[in-house]
Amino acid sequence: MTKQALRDEILMKIEKPARYIGNEVNMVRKDPEKAEVRFAMCFPDVYEIGMSHLGMQIIYDMLNRRDDVYCERVFSPWTDLDDIMRAQEIPLFALESQDPILEFDFLGITLQYEMCYTNILQILDLGNIPLLAKDRGEEDPIVIGGGPCAYNPEPIADFFDLFYIGEGETKYYELIDLYKENKKKGGSRKDFLEMAADISCIYVPLFYAVKYNDDGTIQAMIPENKHAPSKVKKDIVLDFDCVTYPEKPLVPYLKVTQDRCVLEIQRGCIRQCRFCQAGSVYKPLREKNLERLKTLAVSMLQSTGHNEISLSSLSTSDYSRLQELIDFLIAECNNRKINISLPSLRIDAFSLDVMSKVQDVKKSSITFAPEAGTQRMRNVINKGLTKEEIMYGAEQAFRGGWNKVKLYFMLGQPTETNEDVDGIIDLCEEIAELYYDTVPKEQRNGKCQITASTSFFVPKPFTPFQWAPMCSAEVFLEKAHRVNDKLKTVRNRKSIKYNWHESDISVLEGLLARGDRKLSSLILSVYKKGGIFDAWSECHREELWRESIKENNIDFNFYVTRTRSEEEIFPWDFIDTGVTKAFLLREWHNALEEKVTENCRKKCSGCGAAGFQGGICHEN
């Protein structure tokens, strides 16, 4: 029987003990004693969230294909187990072997969301690993971060030995080979970090110093080791068909957030939404071959027993062979009695036809993401969606039998006016009116149900809006209340429901998204006061952040609400994503002038991503 790090009496006390016992379907089993390199792959959130993340499954599968590597998983223990582990001094462990993560060579932490930063410290602390990289010794694991938040690693730079900038499939094998080589030579921890820094996409924070201007902005990022380059370059997969992909993904015992097979059809995006970091940092668009996708789909369904398969990409409608893929999946899934999930579709006649084939129309809702209530605002953000297209899509959906519509918007985007805010409910009202005008009374499946949800705009690095100010929490709430008050005045208010996010968490996300190294002390202070699981509203304690901001002399407005000058050096400017700062600045000017930029298939905008010599930039 496999050993367990937690005794039965502990498992019986805590919520969802299946989070911690491993042994799932398709779990990789190896002899830890025979592995030359042990890699603990960590998602700093609860099991259900981490096991829904495709990137973690990809790295887990890829590393375990090597006989000399054993990659295991570790997640943040929920608060109930966290208390027990601290009280009983139980070290944090990996699921596969149940061994303490302190015994591993690497701790790889995926960085998906800024509000998980305190959980990084929870992982290190429970694992008995020194919180600060400068305090770690020769026997401590190498702590490596990667993922979208690694594109501004500075707020958490003090906690990591190195960061991997880009897509994990390309350089991890090389990194592990260097580790083995250094170990064989009897080299030190510093020797390995210097070898790692020679890889173009690896950033070692200890090898850099930051010099500041008197006003708090950055004057220079200075390499202090001969192996540290002045620019760290993002690395990406160019041959998207030959790259490894998990044909036998892990199947959890408990229900997770994304409880289905996930088929990644492409990476990157042709749309140039100015608020979207993913659309920028994952450029250029690269598609996976249709026949490869068919093979993967069948393999995953056979190996998991899942009753649903989902397509994954930033904009599924832009996959050039979507019609053929859908036809195949419909036939395959009908035979197997399996559901198909199709996120990120643009609402047009083709998409509605597809959705009518794969959804129970009477139960399902149709989702639009206009992002803004007026055409002026959609031009500012370069959404590439006109009101006519939205109304046509809604009309076609109503004629197809749908009566439930979800609409997603953002509040607080650059140049937003009260008229733009009011436009959110105006658009909802027009869509409700359209339903009653379009569908005869005798054919209606109940009343129209429109759910409008607003998130609060957070300017992100490597977007044209990285120069933009962010609203304060108070201003965000004023905007949300304005939308809610407007709703009470419209004729079809009983057909419209309005939801909005919490503003306090949004502004903290903005602080951490565009912060510099000075914020490491803030995050450490919040953690030491007991702050963890800040992404969860029931655990988030705003007062801890307010106290720590004051104690660490953090100028909140400096990081959040001010407009950046065009000449300012950002904390992340030493990273080269392929998309040039000059292009982003040009797009910032286009936003202020309400100019629309065409998508990549219609016209190349010269963003710089063609320098990767692959993907859509070189299709023709």
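Each remark here, short or long, concerns the structure printed above.
Summarised in this report is the structure supplied together with it. (Residues numbered from 1 in each chain as written. Predicted model: local features only at pLDDT ≥ 70, side-chain atom pairs only at ≥ 80, totals over all residues. Heavy atoms only, no water.)

## A look at the packing of aromatic side chains
In total, this model carries 24 aromatic pairs according to the counting rule given. Measuring from centroid to centroid gives 4.9 Å for Phe106 and Tyr179, while their planes differ by 55 degrees, and the two rings are tilted. One end of the pair, Phe106, is in strand S3 (residues 106-110); the other, Tyr179, is in helix H6 (residues 172-185), with 73 residues separating them in the sequence. Take Phe106 and Tyr179: they sit in the same class, and that class is buried. Considering the side-chain rings of Phe570 and Trp572, the 4.9 Å spacing of their centres and the 15 degrees angle between planes classify their relative orientation as stacked. Grouped by ring-pair contacts, the aromatic residues Phe39, Phe106, Tyr164, Tyr172, Tyr179 and Phe192 constitute a single cluster. The lysine or arginine in question, Arg66, covers the ring of Tyr173, its NZ or CZ lying 5.0 Å from the ring centre. (Phe/Tyr/Trp six-rings, centres within 6.5 Å; stacked < 30°, edge-to-face > 60°. Helix = DSSP H or I, 4+ residues; strand = E, 2+ residues; numbered from the N terminus. Buried < 20%, exposed > 50% of the residue type's maximum accessible area, 1.4 Å probe, protein only. Lys NZ or Arg CZ within 6 Å of the ring centre and 35° of its normal.)

## Side note on the sheet that holds strand S15 (residues 366-371)
Across the sheet, 4 strands lie side by side as S15-S16-S17-S18; this open sheet has parallel pairing. Looking at the sheet topology across the chains shown, the edges are occupied by S15 and strand S18 (496-500). Sheet twist, expressed as the average angle between the axes of neighbouring strands with direction ignored, equals 20 degrees. Of the strand pairs in this sheet, strand S17 (residues 449-456) and S18 are connected by 5 bridges, and their pairing is parallel. (Pairing = 2+ DSSP bridges. Axes fitted to C-alpha atoms, helices over the stretch in contact; angles between N-to-C directions.)

## Focus: the sheet that holds strand S13 (residues 308-312)
Read across the open sheet, the 3 strands follow the order S10-S13-S14; overall the sheet is parallel. In this open sheet, the two edge strands, each paired with only one partner strand, are strand S10 (261-264) and strand S14 (339-341). Within the sheet, the average angular offset between the axes of one strand and its neighbour, ignoring direction, is 25 degrees. Pairing of S13 with S14, which is carried by 3 bridges, proceeds in the parallel orientation. The residue of S14 that forms the bridge with Glu308 is Asn339.

## As for the layout of surface pockets
Looking at the second largest pocket, its volume works out to about 310 Å³. Forming the boundary of the second largest pocket are 16 residues, of which Asp105, Glu138, Glu139, Asp140 and Tyr179 lie nearest the centre. Sorting the residues of the lining of the second largest pocket by element identifies H6 and helix H7 (189-197) as the ones contributing at least two each. If you tally residues by element for the lining of the second largest pocket, the top one is H6, at 3 residues. Looking at side-chain class alone, the lining of the second largest pocket contains 6 nonpolar, 3 polar and 7 charged residues. (1 Å grid on protein atoms, 1.4 Å probe; cavity = no way out; pocket = protein on both sides within 12 Å on 5 of 7 lines; lining within 4 Å. Points joined across faces, edges and corners; volume = space filled by probe spheres on them. Nonpolar A, V, L, I, M, F, W, Y, C, P; charged D, E, K, R; others polar.)

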